Amino acid sequence: MVGKGIRIEGLKKRYGNGDTAVDALKGIDMQVAPGEVVGLVGPSGSGKSTLLKCLGAVIEPTAGRMILGDEVIYDDGWKVTDLRALRRDRIGFVFQAPYLIPFLDVTDNVALLLMLAGRPNGEARSRAMELLEALDVGHRAKAMPSQLSGGEQQRVSIARGLVNRPPVILADEPTAPLDSERALAVIRILNDMARKYDTAIIVVTHDEKIIPTFKRIYHIRDGVTYEEAGEGRAFD
Amino acid sequence: MISLAGRDILHAWGKFVFTGIGLGLLIGATFTMAGVYRGMVDDAKVMLDNSGADLWVVQQDTLGPYAEPSSIYDDTYRSILSISGVARAANVTYLTMQVRQGERDVRVLVTGVTADGPGTPGWPPYLVAGRQITRSHYEAVADIATGFKLGDRLQIRRNQYTVVGLTRRMVSSSGDPMVFIPLKDAQEAQFLKDNDAIVRSRARTSQNPALNRPGVPGLLDAVITSQSTNPYVNAVLVQLEAGHVSEDVAGSISRWKRLKVYDRAQMENILVGKLIATSARQIGMFMMILTIVSAAIVAFIIYTLTMGKIREIAVLKLIGTRNRTIAALIMQQAIALGLIGFVVGKITATLWGPFFPKHVLLLPLDAVIGLVAVVVICILSSIIAIRAALKVDPAEAIGG
Ligand SMILES: Nc1ncnc2c1ncn2[C@@H]1O[C@H](COP(=O)(O)OP(=O)(O)OP(=O)(O)O)[C@@H](O)[C@H]1O
Ligand SMILES: [Mg+2]
C-alpha cells in the first residue's frame, strides 16, 4: 500500500494526573515521507518510547494529531475504531529484541500476521518467503527461532514488521544488540525496504554507529522535537 | 490460519506429555473410585439376582438380612409355603467370617442354604466347576474369588468342609466372596459356643432346681438340647408363582406372619441406599478431592506455561492478534492437556482395575461423564491464565 507517510502535529501525552502527572510529550511535530528512514534520538526519559507507543496505537495521546498515509487516525481523540486492526494492517513493528514466537518456525513467524488478517496460509507463506529471501534468511525458513543467530533473528523480525507492507514501520532500538557491521546491515535493509515498498520508517536509537546514516534526524528533548539534517552517509 | 495451540504443544510436547501422564494417573484414580462404587452396586444387584428370590422375609422392624441382623424361626418357611402365590420358600443364613484353608484364612460370607436341590432360592445359580451340595453336612461351594480349589478342606468353626463346587461373581455387597454350606451346619456355626462355655452352661442348667427336677426324667436332657441348638435363620427367600404380584403376596405374608417382607426393588434400595451409602459418600469425597487436585494441577501448569510466554503474548497483541485468539490458544492447550490426561486415565484405570481387591466396574457412561467433566474442568482451570494473558498490555512489547 502506498501511503503519504507519517505526519504528527502538536502531539501531547501526559501520564497520570494531579500532582503526579508527567508530561512526557509536550508538542511533537514530525513528518516522514514514504520511502524515507528517519532517526529519532534523545536522552533517556525524553519521550521516545512514548511517541512510538502513541504512533503504534497502544497508548492514547492526550492531544494533537496523527496522520497515517491519508487517514487522520488521531485528532484530539482516536478517529479509527479498531486499533487492533490498525496495528495489524497499517503498522509494522521492529523491536530491540526480536521477540519471535518460539513455537513457530521462521516462515510462520513472518506469515502469522497475514494469517491473522485472514489470508490463506499458502499466500501468507509465499509472501513471507519472498521477504525472507530479500533479507537473506530464506535458507533458514524452516528453522525454529532458537536455532538462529542474533542477527538472523533480527532480520526475521524485520521481515515480520514488513510482511503486511505497512505504510509505516516503527523500530525501537533495532540495532542495540548488534555489532557495528550487523547494525549497519540492518539499517541498509530498512532503507532498501523503505524504498522498495514506499514505507515511512522511524528508527529510535541511541546507537552512535548508525546515527550518521540518517538523512534526517529528529532530536527529542523534554518532550519536544527538533529537526536536524543528518549526514545521510553510506546509502546514496 | 494455523493452530497456535497445536504448534505450541508440539514445540513443548515433553512438558505436555509428562504433565498429561501425571494428570492421567489422577484421572485414572478418579475413574477407579467411580468404578469401585459401580462395582459395589453391581455386586449388590448380582447378589440379589443370584439369590433367585422374589421376596425376602425377615424379622419385623429390621432391614435384614444384609443391612441389619434379622432372625426368624427356621420353621417359618413352612407356613409361608402355604400362602397363595408362593412357589418356593427356603431358609437362608448369612455370616461374615474368616475361613481357614491350610495356612491362610479368607474373609468370606458363609451362606447356609437348604439342601433341597438346585433351583432352591439361595443356591448359587451356576457353577464353573464341580457340583452343587448334595449331602446335608460338611460340603461347600465356594466363589472362585476365594482362591479355593475343588477338594480343598475348609475349616469353619470347629468343622472341616470339602469344596465340591466353584461358582463365580457371588460376592457380598462389601466384596467378600461367598461360601455356601448346608443350612444345618451354618446354623450351628452361627450359634456355636466353645467347649468350655458348653460345659459351664450344662453345669449351670443341671444346678438349676427348676430345670433339673428329680421327679421329671428327661427334662434336663430336653432343656440342654434346646439350649445347644439354633432354631433360627436370618431370612426366608421366597419365589413367587407365575402371575402373582409381589405386593399382594408380600402383604399377606407380613399380615399373617407378622414378619417384614421386602421385594427385589426394596431390597436393592436398602443395599444401595443404606448398606453401601457410607462407602459411597466416602468414595464421593475422594473423587471430589482428586478432582480438585486435578483442576489445581491443570490451572497451575497452564498458568505457568502462559506466564512463560507473556512477552510473546504482548507481541501477538501488538501485531493485532484478537483477544479471542489468545484465549483460544490457552484454552485449547488446557483441553489438550485434559484429553491426554483422560486417555491416560482411562487406560490406566482399565489396566489396573483387575488388580484391585474389590470389583471395579468401569461403565462407558462414566467414561463419557468423565470426559465431559475433564473438558469442563480444564476450561475452568484455564480461566486464571486467560485473564492474566488478556491483562497483558501490548505496550509492554515496545518496552520503556
Ligand atoms: N506508564 C507511565 N506512567 C508514568 N510515566 C511514564 C510512563 N511511561 C513513561 N513515563 C515517563 O515519561 C517520560 C518519557 O518516557 P519514555 O519511556 O518515553 O522515555 P524514553 O525516551 O523512551 O527513554 P529511554 O531512552 O530511557 O527508553 C519519562 O519521564 C518516564 O518516566
Ligand atoms: Mg525507551
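Note that residues are indexed from 1 along each chain, following the sequence as it is written. To label them, take the chains in the order written and letter them from A, then take the ligands in the order written and number them from 1. At least 70 in pLDDT is required for a residue's local features to be given in this predicted model, at least 80 for side-chain atom pairs to be given and counted, and no such filter applies to totals for whole chains, interfaces and linings, which use all residues. Water and hydrogen atoms were dropped before computing side-chain values, which therefore reflect all heavy atoms in the structure.

1. A look at the overall build of chain B
(1) Moving on: Working definition: helices are DSSP H or I runs of at least four residues, strands are E runs of at least two. Numbering for both runs from the N terminus. Looking only at helices and strands, chain B features 13 helices and 12 strands.
(2) Moving on: Judged by the C-alpha coordinates and their principal axes, chain B covers about 120 × 50 × 45 Å.
(3) Moving on: The cut-offs for exposure are 20% and 50% of the maximum accessible area for each residue type, with area from a 1.4 Å probe on protein chains only; residues under the lower value are buried, those over the upper are exposed, and the others partly exposed. Looking at chain B residue by residue over its 400 residues, the buried ones come to 47%.
(4) Moving on: Note on contacts: a residue pair is in contact if any heavy atoms of the two residues lie within 4.5 Å. Excluding contacts between residues fewer than 6 apart, the proportion of contacts in chain B whose partners are at least 24 apart in sequence is 76%.
(5) Moving on: The method behind every accessible area is Shrake-Rupley, applied with a 1.4 Å probe, and residues are considered shielded solely by the protein chains displayed. Roughly 19,200 Å² of accessible area belongs to chain B as shown, and the carbon and sulfur atoms make up 60% of that amount.

2. Quick look at the nonpolar core
(1) Moving on: Residues enter a nonpolar core if they are buried and are Ala, Val, Leu, Ile, Met, Phe, Trp, Tyr or Cys, with the set joined through side-chain atoms within 4.5 Å. Of all hydrophobic cores here, the largest spans 116 residues; its most connected members are Leu11(A), Met30(A), Ile202(A) and Val203(A).
(2) Moving on: By size, the runner-up hydrophobic cluster in this structure holds 24 residues, among which are Leu48(B), Trp56(B), Leu109(B) and Leu271(B).

3. Regarding the interface of chain B and chain A
(1) Moving on: Contact residues are listed per partner, giving 25 residues for chain B and 26 residues for chain A.
(2) Moving on: Simply put, the buried area is the total loss of 1.4 Å probe accessible area from both parts when two parts are fitted together. Interface area, chain B with chain A, both sides summed: about 2,500 Å², of which 68% is carbon and sulfur.
(3) Moving on: When the buried surface of chain B facing chain A is broken down by residue, Met1(B), Ile319(B) and Ile398(B) rank first, second and third, together holding 26% of it.
(4) Moving on: Whenever a carboxyl oxygen of Asp or Glu lies within 4 Å of a side-chain nitrogen of Lys or Arg, that contact is scored as a salt bridge. The tally of links from chain B across to chain A stands at one salt bridge.
(5) Moving on: What qualifies as a polar contact is a pair of N or O atoms within 3.5 Å, subject to a donor-acceptor requirement within protein and to the restriction that residues adjacent in sequence count only when both atoms come from side chains. Summed over the shared surface of chain B and chain A, the number is seven residue pairs in polar contact (both at pLDDT 80 or more).
(6) Moving on: If you list the elements that add at least two residues to the side of chain B that touches chain A, you get α1 (4-11), α10 (310-318) and α13 (395-398) of chain B.
(7) Moving on: The element that contributes the greatest number of residues to the side of chain B that touches chain A is α10(B), accounting for six residues.
(8) Moving on: Split into classes, the residues belonging to the side of chain B that touches chain A amount to 11 nonpolar, six polar and eight charged. Note on residue categories: nonpolar means Ala, Val, Leu, Ile, Met, Phe, Trp, Tyr, Cys or Pro, charged means Asp, Glu, Lys or Arg, and polar means any other residue, Gly included.

4. What about a nonpolar patch on the surface?
(1) Moving on: A contiguous nonpolar surface patch, about 530 Å² in accessible area, is contributed by Met285(B), Met288(B), Ile289(B), Ile292(B), Val293(B) and Ile297(B).
(2) Moving on: In this structure Met285(B) comes out as partly exposed when scored by relative accessible area, which is 46%. Put simply, a patch holds well-exposed residues, over 30% relative accessible area, that have no salt bridge, with like charges counted together within 9 Å and Val, Leu, Ile, Met, Phe, Trp or Tyr side chains within 5 Å.

5. Examining the packing of helix α2 (residues 13-51) of chain B against helix α11 (residues 323-352) of chain B
All names here are of chain B.
(1) Moving on: Where α2 meets α11, the axes come as close as 6 Å, and the angle between the chain directions of the two elements is 50°. Taken together, α2 and α11 sit at an angle that is classed as oblique. Where α2 crosses over α11, the handedness of that crossing is right-handed. When α2 is examined against α11, the residues Phe-16, Thr-19, Gly-20, Ile-21, Leu-23, Gly-24, Leu-25, Ile-27, Gly-28, Ala-29, Phe-31 and Thr-32 are found in contact with a partner set consisting of Gln-333, Leu-337, Gly-338, Ile-340, Gly-341, Phe-342, Val-344, Gly-345, Lys-346, Thr-348, Ala-349 and Trp-352.
(2) Moving on: Residue classes in the contact of α2 with α11 are distributed as 13 nonpolar, 10 polar and one charged. Every axis in this analysis is a line fitted to C-alpha atoms, fitted for helices over the stretch in contact. Angles between the N-to-C directions lie between 0 and 180 degrees. Reported orientations rely on four angle classes, namely roughly parallel under 35 degrees, roughly antiparallel over 145, roughly perpendicular from 65 to 115, and oblique for the rest. Whether a crossing is left-handed or right-handed is set by the direction in which the near helix is turned from the far one by less than a right angle, anticlockwise for left-handed and clockwise for right-handed.

6. Re the pairing of strand β3 (residues 86-101) of chain B
Residue and element names in this part refer to chain B.
(1) Moving on: Bridge count for β3 against strand β11 (residues 235-240) is six bridges, and the pairing is antiparallel. In the sheet register, Asn-91 faces β11, and the bridge partner there is Val-236.
(2) Moving on: Only strands joined by at least two bridges in the DSSP assignment are considered to pair. Relative to strand β4 (residues 104-113), β3 is paired through 10 bridges, and the arrangement is antiparallel. Its bridge partner lying in β4, Val-99 is registered against Val-106.

7. Considering empty space enclosed by the protein
Residues and elements named next belong to chain B.
(1) Moving on: Residues are called lining when one of their atoms sits within 4 Å of a cavity or pocket point, these points coming from a 1 Å grid over the protein atoms alone, where a cavity is a set in which a 1.4 Å probe fits but cannot get out and a pocket is an open set with protein on both sides within 12 Å along at least five of seven lines. Grid points are joined across faces, edges and corners, and a volume is the space filled by probe spheres set on the points. Evaluated as defined, the whole model comprises three cavities of 30 Å³ or more.
(2) Moving on: Computed from the structure, the largest cavity encloses a volume of approximately 60 Å³.
(3) Moving on: Lining of the largest cavity is provided by Phe-31, Gly-35, Lys-346, Ala-349, Leu-361, Leu-362, Leu-363, Asp-366 and Ala-367.
(4) Moving on: Secondary structure elements with two or more residues in the lining of the largest cavity: α2, α11 and α12 (364-391).
(5) Moving on: Counted by class, the lining of the largest cavity contains six nonpolar, one polar and two charged residues.

8. Details of the domain arrangement of chain B
All names here are of chain B.
(1) Moving on: Domain extents, as shown, originate in an automatic or database domain assignment. With domains assigned, chain B is organised as domain 1 (4-43 + 278-397) and domain 2 (60-192 + 234-258).
(2) Moving on: Once you take the C-alpha centre of each, domain 1 and domain 2 turn out to be 47 Å apart.
(3) Moving on: Across the contact, five residues belong to domain 1 and six residues belong to domain 2.
(4) Moving on: Interface of domain 1 and domain 2: buried area, both sides summed, is about 390 Å²; carbon and sulfur atoms make up 40% of it.
(5) Moving on: A per-residue breakdown of the area domain 1 buries against domain 2 is headed by Met-40, Asp-43 and Lys-358, which together make up 79% of the total.
(6) Moving on: One can count two salt bridges joining domain 1 with domain 2.

9. Brief notes about the environment of Leu351(B)
Residues and elements named next belong to chain B.
(1) Moving on: Its location among the elements puts Leu-351 in helix α11.
(2) Moving on: Overall, the relative accessible area of 59% leaves Leu-351 in the exposed class.
(3) Moving on: Along the sequence, Leu-351 and Arg-107 sit 244 residues apart, while their C-alpha atoms lie 25 Å from each other.

10. Describing the pairing of strand β6 (residues 139-143) of chain B
Residues and elements named next belong to chain B.
(1) Moving on: The buried count for β6 comes to five of five residues, which makes it a mostly enclosed element.
(2) Moving on: Both faces of β6 are covered, namely the face carrying Glu-139, Val-141 and Asp-143 and the face carrying Ala-140 and Ala-142.
(3) Moving on: The pairing of β6 with strand β8 (residues 159-167) spans five bridges and is classified as parallel. Along β8, the bridge assignment pairs Asp-143 with Thr-167.

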